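# Close look at the chain arrangement
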Amino acid sequence: MIQLSGAGKRYAHKLLFENVDWMITAQDRIGLVGANGTGKSTLLKVLAGLETLDYGSLSSTRGISAGYLPQDGLSLSGRSVFAECMAVFAGLRALEQEMEELTRRMAELDHTSSEYSQVADRFHRIEHEFQTRDGYAIDAKVGAVLTGLGFQKEDWARNTEEFSGGWQMRIALAKLLLQQPNLLLLDEPTNHLDLEARNWLEDYLENYPYAFVLISHDRYFLDVTVDKIVEIWNKRIHFYSGNYDKYTAQKTQRREQLEAAYRNQRERIEQLEMFINRFRYQATKAKQVQSRIKELEKMERIEIPPEERTIHFSFSQPKASGRIVAEFTGLAKSYGSKEVFQDVNFIVERGDRIALVGVNGAGKSTLIKLLAGRETPTSGELRVGHNVQPDYFAQDQYKELNPDARILDDLGELSPRSTQTELRSLLGCFLFSEDDVFKKIGVLSGGERNRYALLRMLLHPANFLMLDEPTNHLDLRAKDVLLTALSEYTGTVVFVS
Ligand SMILES: Nc1ncnc2c1ncn2[C@@H]1O[C@H](COP(=O)(O)OP(=O)(O)OP(=O)(O)O)[C@@H](O)[C@H]1O
Ligand SMILES: [Mg+2]
């Protein structure tokens, strides 16, 4: 259906992947995995035809319609949510309009005239097409997908620009699902979904009639949705059949094989080098030495990607606040006529670590924004305690960063007394390698960007942190780094997860 041959991609001198041969067939259900920054989003964009390859080729059979959902950064405007979704069915709606027009003409015409029978003929043909393309069901389909993705009925008429980034992504996802492309390409579709919507999407994908490739760091989601895993690792892609569990088992095995191959190669190299050094100046061995030099040159060196290193780092800790950090009394919040919650009373005390959980639209983000003073309550009162320094990490925190700044410089500005070495080792703890530190913020991958935004926040942390989905986009290692940092943190934390 769609095929990559010898595909490779690099950014400046950094190679993302090479020698990628991958054929996607009509019924494939594929999970694309790999650590942050390995090139998953880039590869998906290549498949969607939005990014070019540096090596190799992409070919697809005629009639492939790929539908692509980016990892973030979409913004829709100008129409209601419902209208935006209905736009997917523009073709069908044109038919519907023509049917109405024809009906009107039929009513005007004399039933025995030949013109009438022509019009009636056309009407029946169009109605037949409308019916076979399920035209009468589009309203219901739109409704079902919107409900599944967590849009309440009263939201359907609201304009798309009123929705936050995460909800915009849901609208885009809804449109894509309604389109039913024969190759669905989803880049971390669950990042903006709560548990309920995620479960719905699992079921939806289970019944999806065509192929899909999805990127996710959520192993539970992958376990139930895909039956093949494609991994970018060590600048190549690796195929695994079966779900995520099988993949982890096979992966361990592969890694062991690679290590064994690496050891063998090292031994061989040593042997060769020893031979060469020993007999280099002996004329009688010249030929053998030459052939060994050739062998060394031709050898494709096996590389082992850096082990999962976790470097320990202690952040400075904030000054303690008073015992009461924040207190809400009689809090209520509504948006227009929509009531999110009412009569909420609670106290956050020093040292508390509070997780906000809840279903769709329960108002977790709203609550944390109220707490952070980013929203004002409709009624009720928020009292912030003595010596409390609040800091808020938004779901799209990276938007507040300067995309043109290099991360090393940006961090340096934040921490002017640190030396370059200190800054680089700090970035290293947050998994940014030697070359990464010179990247501009604007080119970072989703995970890298969030990781950097968190590092900035934790560098000189305030004593009251409010984090809205801080682990979004992060791979396993990065989550570990964050968890360690937070477990050592002596201040107060409220987070949505
Ligand atoms: N224009 C660019 N210039 C330089 N480097 C870039 C550019 N665009 C992307 N990169 C780098 O390429 C790498 C791959 O990015 P990509 O977004 O494909 O990663 P990803 O696997 O999707 O990661 P994540 O899990 O964090 O979403 C990243 O290290 C990123 O910093
Ligand atoms: Mg990505």
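Our subject in this report is the structure included herewith.

### Some thoughts on the coordination of the magnesium ion (ligand 2)
For the magnesium ion (ligand 2), the full set of protein donor atoms is Ser41 (OG) and Gln71 (OE1), at a range of 2.0 to 2.2 Å. Here the residue Ser41 occupies a position in helix H1 (residues 40-47), and Gln71 occupies one in the loop between strand S5 (66-69) and helix H2 (81-86), the gap between them amounting to 30 residues. Its relative accessible area of 17% is what places Ser41 among the buried residues.

### Topic: the pattern of salt bridges
Opposite charge on two side chains allows them to pair when their charged atoms are near. Under the definition given, this model contains 33 salt bridges. The closest approach of N and O atoms between Arg198 and Asp218, which form a salt bridge, is 3.4 Å. Highlighted residues: Arg198 in helix H7 (residues 195-206) and Asp218 in the loop between strand S7 (211-215) and helix H8 (219-225), separated in sequence by 20 residues. Judged by relative accessible area, which is 17%, Asp218 ranks as buried. A salt bridge links Arg406 to Asp409, with the nearest nitrogen and oxygen atoms 3.0 Å apart. Here Asp409 falls in the partly exposed class, since its relative accessible area comes to 35%. Linked through salt bridges whose partners overlap, the residues forming this network are Lys14, Asp436, Lys439 and Glu448.

### Notes on the sheet that holds strand S10 (residues 324-335)
Here three strands make up an open sheet; going across it, the order is S11-S10-S13 and the pairing antiparallel. Unpaired on one side and paired on the other, strand S11 (338-349) and strand S13 (379-384) mark the two borders of the sheet. Strand-to-strand twist of the sheet, defined as the mean angle between neighbouring strand axes without regard to direction, takes the value 15°.

### Some points on H7
Look at H7: 17 Å from first C-alpha to last across twelve residues, which is about the 16 Å you get at 1.5 Å a residue. Here H7 has its buried residues at Ala197, Leu201, Glu202, Tyr204 and Leu205. All buried residues of H7 lie within an arc of 165° about the axis, which places them on one face of the element. H7 presents Leu195 and Glu206 as exposed residues on the side facing more than 90 degrees away from its buried surface. Packed against the buried residues of H7 are strand S3 (29-33), helix H5 (138-148), helix H6 (165-179), strand S6 (183-187), S7 and H8.

### Describing the site of ligand 1
Residues in contact with ligand 1 amount to 21 residues; listed here are only the nearest, Ser41, Thr42, Lys439, Ser445 and Gly447. At a separation of 3.5 Å, an oxygen atom of ligand 1 approaches a polar side-chain atom of Lys14. A distance of 2.6 Å is found between an oxygen atom of ligand 1 and a side-chain nitrogen or oxygen belonging to Ser445. Alone, ligand 1 offers 650 Å² of accessible surface; in the complex the protein occludes 85% of this.

### Concerning the sheet that holds S3
Here six strands make up an open sheet; going across it, the order is S5-S6-S7-S3-S8-S9 and the pairing mixed. Here the strands that pair on one side only, and so sit at the sheet edges, are S5 and strand S9 (236-241). In this sheet, neighbouring strand axes are inclined to one another by 15° on average, regardless of whether the strands run parallel or antiparallel. Here four bridges tie S3 to strand S8 (residues 228-233), and the two strands are oriented parallel to one another. Counted as the bridge partner of Gly31 is Ile229 from S8. Its contacts with the sheet place helix H9 (residues 244-279) against S3, S8 and S9, and it is angled at close to 130° to S9.

### Focus: the environment of Arg374
Of note, Arg374 is situated in the loop between helix H11 (364-371) and S13. When its relative accessible area of 47% is taken as the criterion, Arg374 is described as partly exposed.

### Topic: the packing of aromatic side chains
The geometry of an aromatic ring pair comes down to the distance between the two centres and the angle between the two planes. On inspection of all chains with the given rule, the structure shows 14 aromatic pairs. Aromatic pair Phe151 and Trp167: ring centres 5.1 Å apart, planes at 75°, arrangement edge-to-face. With Phe151 in the loop between H5 and H6 and Trp167 in helix H6, this pair connects stretches of sequence that are 16 residues apart. For Phe151, a relative accessible area of 2% corresponds to the buried category. Summarising the aromatic geometry, the rings of Tyr208 and Tyr210 are spaced 6.0 Å apart at their centres and angled 80° between planes, so their arrangement reads as edge-to-face.

### Regarding helix H15 (residues 476-488)
With 13 residues, H15 ought to run about 18 Å at 1.5 Å a step, and its terminal C-alpha atoms sit 19 Å apart, in line with that. Buried within H15 we find Ala478, Val481, Leu482, Ala485 and Leu486. In an axial view of H15, the angular spread of the buried residues amounts to 125°, which keeps them on one side of the axis. Structural note: H15 exposes Leu476, Leu483 and Ser487 on the side pointing more than 90 degrees away from its buried face. The inward-facing, buried residues of H15 contact strand S12 (353-356), helix H13 (420-429), helix H14 (446-459) and strand S15 (464-468). Capping the start of H15, Asp475 holds a side-chain oxygen 3.3 Å from the backbone nitrogen of Arg477, two or three residues further along.

### A closer look at the pairing of S15
Most of S15 is tucked away: five of the five residues are buried. Across the two faces of S15 the burial is the same, with Phe464, Met466 and Asp468 and Leu465 and Leu467 all buried. Two strands pair when backbone bridges link them, and S15 and strand S16 (residues 492-496) are joined in this way by five bridges, in the parallel orientation. Pairing of Asp468 across the sheet is with Val496, part of S16.

What counts as what
- Residues numbered from 1 in each chain as written.
- Chains lettered and ligands numbered in written order.
- Predicted model: local features only at pLDDT ≥ 70, side-chain atom pairs only at ≥ 80, totals over all residues.
- Heavy atoms only, no water.
- Donors = N, O, S within 2.8 Å, 3.2 Å for Na, K, Ca; no water.
- Helix = DSSP H or I, 4+ residues; strand = E, 2+ residues; numbered from the N terminus.
- Buried < 20%, exposed > 50% of the residue type's maximum accessible area, 1.4 Å probe, protein only.
- Salt bridge = Lys/Arg side-chain N within 4 Å of Asp/Glu carboxyl O.
- Pairing = 2+ DSSP bridges.
- Axes fitted to C-alpha atoms, helices over the stretch in contact; angles between N-to-C directions.
- Expected span 1.5 Å × (residues − 1).
- Arc of directions from axis to C-beta.
- Contact = heavy atoms within 4.5 Å.
- Near = heavy atom within 4 Å.
- Polar contact = N/O pair within 3.5 Å; in protein donor to acceptor, adjacent residues only side chain to side chain.
- Areas by Shrake-Rupley, 256 points an atom, 1.4 Å probe, with all protein chains shown as cover.
- Phe/Tyr/Trp six-rings, centres within 6.5 Å; stacked < 30°, edge-to-face > 60°.

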